[in-house]
Every structure is written in structure tokens, then in C-alpha cells.
Amino acid sequence: MKLLGNIIWLIFGGLNIALEYFMAGLILMITIIGIPFGLQSIKLGILALWPFGTKVEWMQSQPGCLSTFMNIFWFFIAGIWICLTHAFYGFILCITIIGIPFGKMHFRLAKLALSPFGRAVI
């Protein structure tokens, strides 16, 4: 069932979101300061390709104040734009009954797009 959900996910917006993450990651990796942000964006893009069957949890160790600073910086650089894209797809997919699980997944990823540092994908 997870495989079927992931295939349908790719068709209805998952591939577009993943490409947005990958392009943001490549653009952010142009500078040395942007490399951690670009790597995080690519990790989120991989998660956006196959989101069903994965869990995102807080890291076991304390991420510290650097993670908070990077989340704030990420919010203004890329997070708000990617979150708005997730929200758009989420609202569009929640119009139909069949699209509700996919819309909920977009809302889950939108929350993650706002503050990705300090979380681990399981």
C-alpha cells in the first residue's frame, strides 16, 4: 500500500516538490555558507519523493543553538517558499476525498519545510 501511495504521490505534486527542493539545494550550495542548507534541502527532496512509510522525529541528542539559528535562517531563505508550495498542493488535493491523505502529507511536509534542522528521517 505504501508503494501505491508513493507512486500516486509522485503523480500528484510529489515530483514537483522534490524538484523544487533539489533546485533550492543546488542554488544554496553555490557558496560555502550555503552548503549545510543545500544538503538539508536535498535530504528533504529525497523525503518528498517517497514520503509514505517514513517518520520524521526530533534527533536523540540536543541540536543546540546552532540548529535554532539555522532554522531561522532557513525560514527566510527557502522555508517559507517551499511551505507555501506545500500548502497550495495540500489545499488543492484536499478538495476531493481521494486526495485527502495526499493533502495531509503535504501539510506534514510543510511543517517540516519551515524548520528542518534538528530532525531525523526514520
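Here the structure is a predicted model, which is why all the values come from computation and not from measurement.

Draft legend 1. Spatial organisation of the pattern of salt bridges. In this structure the tally under the stated criterion is one salt bridge. Across the pair Lys55 and Glu57 runs a salt bridge whose closest N-O atoms are separated by 3.5 Å. The class of Glu57 is partly exposed, set by a relative accessible area of 30%.

Draft legend 2. The environment of Met1, seen in detail. With respect to the helices, strands and loops of the structure, Met1 is situated in the segment before helix H1 (2–28). The class for Met1 is exposed, based on a relative accessible area of 84%.

Draft legend 3. Fine view of the nonpolar core. Trp9, Tyr21, Phe37, Trp74, Ile82 and Leu109 are the most contacted members of the largest nonpolar core, which totals 23 residues. Those residues within four positions of Trp74 in sequence are excluded, and the remaining contacts are Leu28, Phe37, Ser41, Leu44, Gly79, Ile82, Ala113, Leu114, Pro116 and Phe117.

Draft legend 4. Main features of a nonpolar patch on the surface. On the surface, Leu3, Ile7, Ile11, Phe12 and Trp50 cluster together into a nonpolar patch covering about 540 Å² of accessible area. With respect to the helices and strands, Ile7 occurs in helix H1. Accessibility expressed as a relative area gives 40% for Ile7, which makes it partly exposed.

Draft legend 5. Region of the structure containing helix H2 (residues 35–49). Along its 15 residues, H2 runs 21 Å from first to last C-alpha, staying within 8% of the 21 Å computed at 1.5 Å per residue. Check the buried side of H2 and you find it contacts H1, strand S1 (56–58), helix H3 (64–93), helix H4 (100–114) and strand S2 (119–121).

Draft legend 6. Quick look at the side chain of His106. As for its placement among the helices and strands, His106 is situated in helix H4. Since its relative accessible area comes to 0%, His106 is described here as buried. Excluding residues within four positions of it along the chain, His106 makes contact with Trp9, Phe12, Gly13, Ile17, His86, Tyr89, Gly90 and Leu93.

Draft legend 7. Molecular detail of H1. With 27 residues, H1 ought to run about 39 Å at 1.5 Å a step, yet its terminal C-alpha atoms sit only 31 Å apart, falling short of that. Along H1, the largest kink reaches about 70° and is centred on Ile11. By the burial criterion, the buried members of H1 are Gly5, Asn6, Trp9, Gly13, Gly14, Ile17, Ala18, Tyr21, Ala24, Gly25 and Leu28.

Draft legend 8. View of the packing of aromatic side chains. Going through the model one piece at a time under the given rule, you end up with nine aromatic pairs. Between Trp74 and Phe117 the ring centres are 6.3 Å apart and the planes differ by 80°, which places this aromatic pair in the edge-to-face class. Of this pair, Trp74 sits in helix H3 while Phe117 is found in the loop between H4 and S2, placing the two residues 43 residues apart along the sequence. Exposure remark for Trp74: the relative accessible area of 0% places this residue in the buried category. An aromatic cluster of three or more residues is present, and its members are Phe37, Phe69, Phe73, Trp74 and Phe117. The lysine or arginine in question, Arg119, covers the ring of Trp58, its NZ or CZ lying 4.3 Å from the ring centre.

Thresholds applied
- The residue numbers shown here count from 1 along each chain, following its written sequence.
- At least 70 in pLDDT is required for a residue's local features to be given in this predicted model, at least 80 for side-chain atom pairs to be given and counted, and no such filter applies to totals for whole chains, interfaces and linings, which use all residues.
- Based on all heavy atoms of the structure, the side-chain values leave hydrogens and waters out of the count.
- Any carboxyl oxygen of Asp or Glu within 4 Å of a side-chain nitrogen of Lys or Arg constitutes a salt bridge here.
- When a residue's accessible area, from a 1.4 Å probe over protein chains only, is under 20% of the maximum for its type it is buried; when over 50% it is exposed; and in between it is partly exposed.
- Secondary structure follows DSSP: runs of H or I at least 4 residues long count as helices, runs of E at least 2 residues long count as strands, and numbering of each begins at the N terminus.
- Only buried residues count toward a nonpolar core. Its members are Ala, Val, Leu, Ile, Met, Phe, Trp, Tyr and Cys residues joined through side-chain atoms within 4.5 Å.
- Whether two residues are in contact is decided by their heavy atoms, any of which lying within 4.5 Å being enough.
- Residues forming no salt bridge and having over 30% relative accessible area are the ones grouped into patches, like charges within 9 Å of each other and nonpolar side chains (Val, Leu, Ile, Met, Phe, Trp, Tyr) within 5 Å.
- In short, Shrake-Rupley with a 1.4 Å probe defines the accessible areas, and a residue's cover is counted only from the protein chains shown.
- Given the number of residues in a helix, its expected span is that number minus one, multiplied by 1.5 Å.
- Throughout, the bend at a residue refers to the angle made by two axes, fitted to the seven residues ending there and to the seven starting there.
- Working definition: rings of Phe, Tyr and Trp (its six-membered ring) pair if their centres are within 6.5 Å, and the pair is stacked with planes under 30 degrees apart, edge-to-face with planes over 60 apart, and tilted otherwise.
- Should the NZ of a Lys or the CZ of an Arg lie within 6 Å of a ring centre and within 35 degrees of the ring normal, that charge is described as sitting over the ring.

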